[in-house]
Amino acid sequence: MLQHPAFDPIAFSIGPLAVHWYGLMYLLGFSLAWLLGRWRINHGLSRLSLRDLEDLIFYCVVGVVLGGRLGYILFYKFEYYLAHPIDILKVWEGGMAFHGGLLGVVIALLLFARSRKMSLLEVGDLTAPLIPLGLAAGRLGNFINGELWGRPTDLPWGMVFPQAGDGIARHPSQLYQMTLEGLLLFAVLWWFARKPRPVGQVSAVFLIGYGLCRFVAEFAREPDDFLGLLAANLSMGQWLSLPMIAAGVIIFLWTRRPAAQPRH
């Protein structure tokens, strides 16, 4: 049985300013997206310019933050925030939802695409391979914070999270998600996007891949205590992943029709 290291969530302080590990993970994620995007542009795998890439990442930063916060409010604790609206602004207390962040990014990509006279799926294909390593960084931040721990287990790598307050060995589900949603999904997308594909297929593979990885990982993750398991003994994260998988399958099949042209 392992013990969570109980890291200090504050990486360092500059006077009264405390810099948290979780914030650094967001910064790392967007930095990796920028570096990977530059690599793809320099190797002729994207028709965006470096200036376009910088603008695109700015759009996505806004989409992730606003969408992630609003998604958490709407999908997870709507009644609480309806009764305590001032707490919506307390982002330092946590409360971000990936599925909300994804919707925020989709809106950001749509606005960017319109500004560049491109299709949403084309911009999505350019962006999808840049996302998974950022997701991995975010899950590492969850692990450092000792939050979003897993369900009880008797496996040798079961870990006691002091923040859970019960002394029970649990799955380090943050690391499972980092591996599946981050590293594995990155490898699949980077491999798939290395050749020209019909417009929309890279986006479709991202939706299918993330949805499946999240759905599987949720079996090891402890459900939110204020929600528990929902219908069919599935968590909220699993139910929100199912539409992603379905949308990805529909887009993938649609782009395989004879009229679809390879992306250059």
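Refer to the preceding data block for the structure.
Description of the structure in this document. Along every chain, residues carry numbers that run from 1 in the direction the sequence is written. In view of the model being predicted, local features appear only for residues whose pLDDT reaches at least 70, and side-chain atom pairs are presented and counted only at 80 or more, with totals across whole chains, interfaces and linings using the full set of residues. As a rule here, side-chain values cover all heavy atoms of the structure and leave hydrogens and water aside.

Now for the packing of aromatic side chains. Within 6.5 Å between ring centres, the rings of Phe, Tyr and Trp (the latter by its six-membered ring) count as paired, and their orientation is classed by plane angle as stacked under 30 degrees, edge-to-face over 60, tilted in between. Applying the stated criterion across every chain, the model contains 13 aromatic pairs. Arranged with centres 5.7 Å apart and planes meeting at 80°, the rings of Y59 and F112 form a pair that is edge-to-face. Here Y59 is found in helix α2 (residues 50–75), whereas its partner F112 is found in helix α4 (residues 98–115), with 53 residues between them in sequence. Every member of this aromatic cluster is reached through a ring pair, and the members are F7, F143, W149 and F161. Either the NZ atom of lysine or the CZ atom of arginine qualifies as a charge over a ring when it sits within 6 Å of the ring centre and within 35 degrees of the ring normal. Of note, R40 hangs over the ring of W190, and the distance from its end group to the ring centre comes to 5.3 Å. The way it works is that DSSP assigns letters per residue, a run of H or I at least four long becomes a helix, a run of E at least two long becomes a strand, and they are numbered from the N terminus.

Bringing the pairing of strand β2 (residues 10–14) into the picture now. For two strands to be treated as a pair, DSSP must find no fewer than two bridges joining them. Pairing of β2 with strand β3 (residues 17–20) involves four bridges; the strand directions are antiparallel. Along β3, the bridge assignment pairs S13 with A18. Where β2 hands over to β3, the hairpin turn is made up of two residues, of which G15 adopts a positive phi near 60°.

A separate point is α4. Multiplying one less than the number of residues by 1.5 Å gives the expected span of a helix. With 18 residues, α4 ought to run about 26 Å at 1.5 Å a step, and its terminal C-alpha atoms sit 25 Å apart, in line with that. Three or more residues of α4 are buried, namely F98, H99, G100, G101, L102, G104, V105, A108, L109, F112 and A113. Turning to α4, the residues buried within the fold contact α2, α5 (120–127), α6 (132–145), α8 (201–217) and α9 (236–255). Looking one or two places after α4, you find K117, whose phi comes out positive at around 55°. Type-normalised accessible area, obtained with a 1.4 Å probe on protein chains alone, sets the label of each residue: buried when under 20%, exposed when over 50%, and partly exposed for intermediate values. Note on definitions: a residue-residue contact is assigned when non-hydrogen atoms from the two residues lie within 4.5 Å.

Take unusual backbone geometry next. A positive phi angle is found at L148, which is not glycine, with a value near 55°. Take L148: it is sitting in the loop between α6 and β4 (159–160). For L148, a relative accessible area of 28% corresponds to the partly exposed category. Here A232, not a glycine, exhibits a phi torsion of approximately 60°, which is positive. Note on A232: relative accessible area 63%, which makes it exposed.

This paragraph deals with the environment of P196. The topology assignment puts P196 in the loop between α7 (173–192) and α8. P196 gets classed as exposed once you look at its relative accessible area, which sits at 55%. Residues P196 and L45, 151 residues apart in the sequence, show an inter-C-alpha distance of 8.5 Å.

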